[in-house]
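Architecture and fold: a report
Here's the letter readout for the chains.
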Amino acid sequence: MHYTYHESPIGPLLLAERDGNLTTIHFPLDGKRSDPKPGWTQADAPFDDVREQLDGYFAGRRRQFELPLAPAGTTFQRKVLEALQAIPYGETRSYKEVAAAIGKPRAVRAVGAANGRNPIPIIIPCHRVIGSDGSLTGFGGGLAAKRALLALEQDAGLFS
């Protein structure tokens, strides 16, 4: 597994990949870089496309990512991640709507748990999932980062 850091408007992101597939994006913790897992090897070159696309996203020039992904998770979790990728840029869905989209309308809490375990946030847009009442709910990068990402998608170029 290779890793690198990428400076972003929401802090330093830890990126990880295996065999050319992005597997991980970790947000900073308390403003500090997340640590790589033991055994990961630092390398910058495998992440050129990821960096370019993330920079384009933060500048408001990119609405969709075209990267090979390999998110870990159960079959159910991967179904949720696929549903998240279908949420259009600038739009949101409730956990209830995501549960219905995967054919499990009663699995709202399980959808919330799967959303929270998303290993590749931003690229797989878990920030676009909100409470049924329109409230922002938990986010691995913190609610400030979630607000910023949603605001970016409403006003492209917010960080440029």
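Structure first, text after, so check above.
A few points on the structure. (Residues numbered from 1 in each chain as written. Predicted model: local features only at pLDDT ≥ 70, side-chain atom pairs only at ≥ 80, totals over all residues. Heavy atoms only, no water.)

1. Regarding the pattern of salt bridges
- On inspection of all chains with the given rule, the structure shows four salt bridges.
- The partner of Arg128 in a salt bridge is Glu153, with the nearest N and O atoms 2.8 Å apart. You can see Arg128 sitting in the loop between helix H4 (108-116) and strand S6 (129-130) and its partner Glu153 sitting in helix H5 (residues 143-154), a full 25 residues away along the chain.
- You can call Arg128 buried: its relative accessible area is 5%. (Salt bridge = Lys/Arg side-chain N within 4 Å of Asp/Glu carboxyl O. Helix = DSSP H or I, 4+ residues; strand = E, 2+ residues; numbered from the N terminus. Buried < 20%, exposed > 50% of the residue type's maximum accessible area, 1.4 Å probe, protein only.)

2. Some points on the sheet that holds strand S1 (residues 2-8)
- Read from one edge of the open sheet, four strands run S3-S2-S1-S4, paired in mixed fashion. Lying at the two open borders of the sheet, with one neighbouring strand each, are strand S3 (21-26) and strand S4 (41-42).
- Bridge count for S1 against strand S2 (residues 11-18) is seven bridges, and the pairing is antiparallel. By the bridge assignment, Tyr3 is partnered in S2 with Ala16.
- Contacting S1, S2 and S3, helix H1 (residues 48-58) runs over the sheet at an angle of about 25 degrees to S1. (Pairing = 2+ DSSP bridges. Contact = heavy atoms within 4.5 Å. Axes fitted to C-alpha atoms, helices over the stretch in contact; angles between N-to-C directions.)

3. Focus: the pairing of S2
- In terms of burial, S2 is largely enclosed, as seven of its eight residues are buried.
- Counting the residues in the hairpin turn of S1 and S2 gives two residues.
- Bridge count for S2 against S3 is five bridges, and the pairing is antiparallel. Looking across to S3, one finds that Glu17 is bridged to Leu22.
- Where S2 folds back on S3, the antiparallel hairpin that results is connected by two residues, among which Asp19 adopts a positive phi of roughly 55 degrees.

4. Concerning the side chain of Thr24
- Tracing the sequence through the fold places Thr24 in strand S3.
- Residue classification places Thr24 among the buried positions, given a relative accessible area of 9%.
- For Thr24, the side chain forms a polar contact with the side chain of Thr23, separated by 3.1 Å.
- Once residues within four sequence positions are removed from consideration, Thr24 is found in contact with Leu14, Leu15, Ala16, Trp40, Pro119 and Ile120. (Polar contact = N/O pair within 3.5 Å; in protein donor to acceptor, adjacent residues only side chain to side chain.)

5. A few points about H4
- Within the sequence span of H4, burial applies to Val111, Ala114 and Asn115. Buried residues of H4, viewed axially, fall in a sector of 100 degrees; they line one side. H4 presents Arg109 and Gly116 as exposed residues on the side facing more than 90 degrees away from its buried surface.
- Those residues of H4 hidden inside the fold are in contact with helix H2 (75-85), helix H3 (95-101) and S6. (Arc of directions from axis to C-beta.)

6. Some details on the packing of aromatic side chains
- Following the criterion strictly, the structure yields six aromatic pairs and no others.
- When the centroid spacing of 6.0 Å and the interplanar angle of 85 degrees are considered together, the rings of Tyr3 and Tyr5 count as edge-to-face. Comparing Tyr3 with Tyr5, the two get one shared label, buried.
- A ring pair is formed by Tyr57 and Phe58, whose centres lie 5.4 Å apart and whose planes are at 70 degrees; its orientation type is edge-to-face.
- Among the aromatic residues, ring-to-ring pairing joins Tyr57, Phe58, Phe65 and Tyr89 into one connected group.
- In this structure, Arg33 packs its charged tip against the face of Tyr5, placed 4.0 Å from the ring centre. (Phe/Tyr/Trp six-rings, centres within 6.5 Å; stacked < 30°, edge-to-face > 60°. Lys NZ or Arg CZ within 6 Å of the ring centre and 35° of its normal.)

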